[in-house]
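Take a look at the letters that make up each chain.
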Amino acid sequence: MRDKMLKHDQLYIKQQNKQWVYELIKTKEPLTKPDLVKHTKMSPTSINRIVNDLNSENLIYEKDNDTKSVGRNAVFLQINRDARCSIGLEFDMNVIRMGVINLKGELTYMKEVPFSVRENPDLAIDKSVSMMNEIILEQGIERAKILGVGVGLPGYIDDKKGKVIHSDQLIWKDMNIAQLIFDKTDFQTVVDNELKMQAVSEKHTWKENEAETMVLVGIGSGIGAAVLINGEIYRGSSNTAGEIGHSIVNPNGNVCKCGKVGCLASYISERSLIQQAAIAMQAESMADLAHYYEQGQPLVKSILEQAVMYLAIAIGNIFTTYDPKLVVLSGQFFEYFPRLKTELEIRLNQYSQHDDTKRIKYSTLQNKGVVLGAGIVAGERFLELG
Ligand SMILES: [Zn+2]
């Protein structure tokens, strides 16, 4: 029994060491074997063995030094970035996005197809599977090289089971997406809330020290956040940490879809903004609101400024709760109303600590954030280093 446990422990340590070396090469390449010995304090023999293993699995390659400046016979190790890949998939209300992500966490291909995802879970899954097959064929990807699929979508997700508990935005409920996709493709699948997936790609975008403790706030068809603490997603007890859309900002305010009064979402989600304006004018889309806003329509201006005020309160609360290095704002809201960024800064000065505005940044990932993050998560989860 004791021997068995010892063997098990040794195997575990071996795997951990291999993972460590692989991650070091991935993040700090090009590295030499002596560099790895220095970083890990493992013996040259162990490093040699691990490097040989990684080499035989085709995950890394060796490149001879041609500059001569680093010393003779220096051999650099690099990640063989296209040796495997993963698929990132995003279900949004009216669109399916899909991309291919390599071992280095780079998006090498992306496709976006308009599709009525809302209220059509089965059709959306079928559509995504046929998109996947098309991409694999078009891009000439060997199926055996695909590590798995990562899926991001708005809503409450059981990330351990890969199951949507419910999504207000998509009107999906109790669906085991991971199982459904696996059944149709044979690819292992991981599912999470779309902002939690995007937070992973944001982490790769910002400076390492900024990304350690970071909150991503998404403002679009809904509003939510994803919290990264020490580089890891903070999930809370049921993976709903960050669902700030239903935090109360005005106890005497608007009635929210969830039945409560004064939720942040009831002031800033696309539907609520359009509904508030539609009482007085013909307004059906965010583009309509942007048009009225540019014309200086007073009601639309006040609806939007009120939304920004509540957003500033919510962000101020995020700063006091988590003390993040960085709050990244994402989503279409500020793409429609870029001038409101100044209004947000003014309001933040009012509702937040003085230097907090310096810690606000706007995401640069646009529509790629969720797909990229989902692909990175799947790649990391399903790469098995024997
Ligand atoms: Zn609510």
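Residues numbered from 1 in each chain as written. Predicted model: local features only at pLDDT ≥ 70, side-chain atom pairs only at ≥ 80, totals over all residues. Heavy atoms only, no water.

For the protein chain, an unreviewed UniProt entry supplies the name ROK family transcriptional regulator and the organism Alkalihalobacillus alcalophilus ATCC 27647 = CGMCC 1.3604. In its Sequence similarities (unreviewed entry) section, UniProt records this for the protein chain: "Belongs to the ROK (NagC/XylR) family." Recorded in UniProt for the protein chain, the comment headed Function (unreviewed entry) runs: "Transcriptional repressor of xylose-utilizing enzymes." (UniProt positions renumbered as here; feature names shortened; annotations may be inferred.)

(A) Examining the sheet that holds strand β4 (residues 95–102) more closely. One open sheet holds the five strands; their spatial order is β5-β4-β3-β6-β10, and the pairing between them is mixed. Of all strands in the sheet, those bounded by a partner on one side alone are β5 (107–114) and β10 (189–193). In this sheet, neighbouring strand axes are inclined to one another by 15 degrees on average, regardless of whether the strands run parallel or antiparallel. One ladder, built from five bridges, connects strand β6 (residues 146–153) with β10; its direction is parallel. Counted as the bridge partner of G152 is D192 from β10. Against the sheet, helix α5 (residues 177–185) makes contact with β3 (85–91), β6 and β10, and its axis sits at roughly 150 degrees relative to β10, the strand it touches most. (Pairing = 2+ DSSP bridges. Helix = DSSP H or I, 4+ residues; strand = E, 2+ residues; numbered from the N terminus. Axes fitted to C-alpha atoms, helices over the stretch in contact; angles between N-to-C directions. Contact = heavy atoms within 4.5 Å.)

(B) Looking closely at the coordination of the zinc ion. For the zinc ion, the full set of protein donor atoms is H246 (ND1), C256 (SG), C258 (SG) and C263 (SG), at a range of 2.0 to 2.3 Å. Seen from the zinc ion, its four donor atoms lie at angles of 106 to 117 degrees, and the figure they make is tetrahedral. Within one chain, the residues serving as donors to the zinc ion are arranged as H-x9-C-x1-C-x4-C. In this pair, H246 is assigned in the loop between β13 (232–234) and α8 (265–268) and C258 in the loop between β13 and α8, connecting sequence segments twelve residues apart. In this structure H246 comes out as partly exposed when scored by relative accessible area, which is 31%. (Donors = N, O, S within 2.8 Å, 3.2 Å for Na, K, Ca; no water. Tetrahedral: all angles 85-135°; square planar, octahedral: opposite > 155°, others 65-115°. Buried < 20%, exposed > 50% of the residue type's maximum accessible area, 1.4 Å probe, protein only.)

(C) Molecular detail of unusual backbone geometry. With an omega dihedral of -5 degrees, the bond running from E29 to P30 counts as a cis peptide bond. For K41, which is not a glycine, the phi torsion comes out positive at approximately 65 degrees. When you line up the elements, K41 lands in the loop between α2 (33–40) and α3 (44–56). Positive phi values are uncommon outside glycine, yet D174 reaches one of about 45 degrees. Residue placement: D174 occurs in strand β9 (residues 172–176).

(D) Molecular detail of the side chain of E194. Relative to the helices and strands, E194 resides in helix α6 (residues 194–205). For the buried E194, which has no salt bridge, the nearest side chain bearing the opposite charge is K196, at an N-O separation of 8.3 Å. Those residues in contact with E194 that sit more than four places away from it in its chain are G152, L153, P154 and V370. (Lys, Arg positive; Asp, Glu negative; His and termini not counted. Salt bridge = Lys/Arg side-chain N within 4 Å of Asp/Glu carboxyl O.)

(E) Main features of the layout of surface pockets. In this structure, the second largest pocket occupies an estimated 940 Å³ of space. As for the second largest pocket, its lining consists of 27 residues, of which E23, K203, H204, G231 and E380 are closest to the centre. In terms of residue class, the lining of the second largest pocket is built from nine nonpolar, four polar and 14 charged. (1 Å grid on protein atoms, 1.4 Å probe; cavity = no way out; pocket = protein on both sides within 12 Å on 5 of 7 lines; lining within 4 Å. Points joined across faces, edges and corners; volume = space filled by probe spheres on them. Nonpolar A, V, L, I, M, F, W, Y, C, P; charged D, E, K, R; others polar.)

(F) Here's a closer look at helix α9 (residues 270–278). For α9, every residue scored as buried is listed here: E270, S272, L273, I274, Q276 and A277. Elements that come into contact with the buried residues of α9 comprise α8, α10 (286–295), α11 (298–322) and α12 (333–336).

(G) Here's a closer look at α11. Helix length check: α11, at 25 residues, gives a terminal C-alpha distance of 36 Å against a target of 36 Å (1.5 Å per residue), a fit within 8%. Its side-chain oxygen placed 2.8 Å from the backbone nitrogen of L299, Q297 serves as the N-cap of α11. (Expected span 1.5 Å × (residues − 1). Polar contact = N/O pair within 3.5 Å; in protein donor to acceptor, adjacent residues only side chain to side chain.)

(H) Structural context of the environment of A314. Tracing the backbone shows A314 in helix α11. Between the C-alpha atom of A314 and that of S46, which follows or precedes it by 268 residues, the distance is 51 Å.

(I) Region of interest: the packing of aromatic side chains. By the definition in use, this model includes seven aromatic pairs. Residues Y293 and F337 carry aromatic rings whose centres are separated by 5.7 Å and whose planes lie at 85 degrees to one another, so their mutual orientation is edge-to-face. Of the two residues, Y293 sits in helix α10 while F337 sits in the loop between α12 and α13 (340–351), which places them 44 residues apart along the sequence. The same class applies to Y293 and to F337, which are both buried. Among the aromatic side chains, those forming a connected cluster through ring pairs are Y293, F333, F334, Y336, F337 and Y362. (Phe/Tyr/Trp six-rings, centres within 6.5 Å; stacked < 30°, edge-to-face > 60°.)

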